Amino acid sequence: ETGVTQSPTHLIKTRGQQVTLRCSSQSGHNTVSWYQQALGQGPQFIFQYYREEENGRGNFPPRFSGLQFPNYSSELNVNALELDDSALYLCASIPGGADTHEQYFGPGTRLTVT
Amino acid sequence: SQKIEQNSEALNIQEGKTATLTCNYTNYSPAYLQWYRQDPGRGPVFLLLIRENEKEKRKERLKVTFDTTLKQSLFHITASQPADSATYLCALESYNTDKLIFGTGTRLQVFP
């Protein structure tokens, strides 16, 4: 186990609704990345937060937004849900400090949009 | 655009044999290449990282090679076991970013 937790485990939403997914990083990790993984695909980078500031963003529209809190836990918010947003959403916490590159993934939240 | 290719077909091998998985990339110059294991319904788990100036890295039964001229990494599991059955993902990373670009993964099935 990586020590990274995510909630909820599964979620079903209707097109047009909004959703908030949560992630608790491993203790001492000040950076968190969020990824979207469609069925049969590799994870796709959404964005990253470092010390509560967005620190890089992938090719996702602005309706995907995030927050990182002082305790380094994090949220991913998706507005105006579309059917194609159905996927496994993964957060990954990254240790602080130089020359640390491995990422510690949570178990993911499976989002289904109907 | 950047592209990462892994064997899309599942790899089926017999227990005890060596599994070799391939990761090819184009239009990218990664500083680091990582391999992750992912079991169904779970998040990826980090296995190995290799830097652009390293040719080979080993960890127990795992070996990774990195050829920046061929733009290819090979991932080997020696003396494979049924418990090694999973999807294996390669991921590329540039300098000064923690953004990982993943391949689609290769599903490995090890039969007793």
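Residues numbered from 1 in each chain as written. Chains lettered and ligands numbered in written order. Predicted model: local features only at pLDDT ≥ 70, side-chain atom pairs only at ≥ 80, totals over all residues. Heavy atoms only, no water.

Enquirer: So what's going on with the pairing of strand β3 (residues 19-24) of chain A? Residues and values would help.
Expert: Residue and element names in this part refer to chain A. Sheet topology places strand β1 (residues 5-7) next to β3; three bridges connect them, and they run antiparallel. Residue Gln6 lies in a different strand from β3, and its bridge partner there is Cys23. The pairing of β3 with strand β8 (residues 74-78) spans five bridges and is antiparallel. Across the sheet, the residue bridging to Val19 is Val78, located in β8. (Pairing = 2+ DSSP bridges. Helix = DSSP H or I, 4+ residues; strand = E, 2+ residues; numbered from the N terminus.)

Enquirer: For unusual backbone geometry, give the residues involved together with the corresponding values.
Expert: Keep in mind that most residues, glycine aside, have a negative phi and that most peptide bonds are trans. In this chain, Ser7 of chain A is followed by Pro8 of chain A through a cis amide linkage whose omega measures -10 degrees. With respect to the helices and strands, the residue Pro8 of chain A is situated in the loop between β1 and β2 (10-13). Backbone geometry at Lys71 of chain B places phi at a positive 55 degrees, although glycine is not the residue there. As for its position among the elements, Lys71 of chain B is in the loop between β7 (62-67) and β8 (72-77). A residue is classified by how much of its surface remains accessible, and Lys71 of chain B, at 27% relative accessible area, is partly exposed. Positive phi, close to 45 degrees, is recorded for Ala79 of chain B, a residue that is not glycine. Note that Ala79 of chain B resides in the loop between β8 and β9 (86-93). (Buried < 20%, exposed > 50% of the residue type's maximum accessible area, 1.4 Å probe, protein only.)

Honestly, that's just the spatial picture; any functional story needs more than this.
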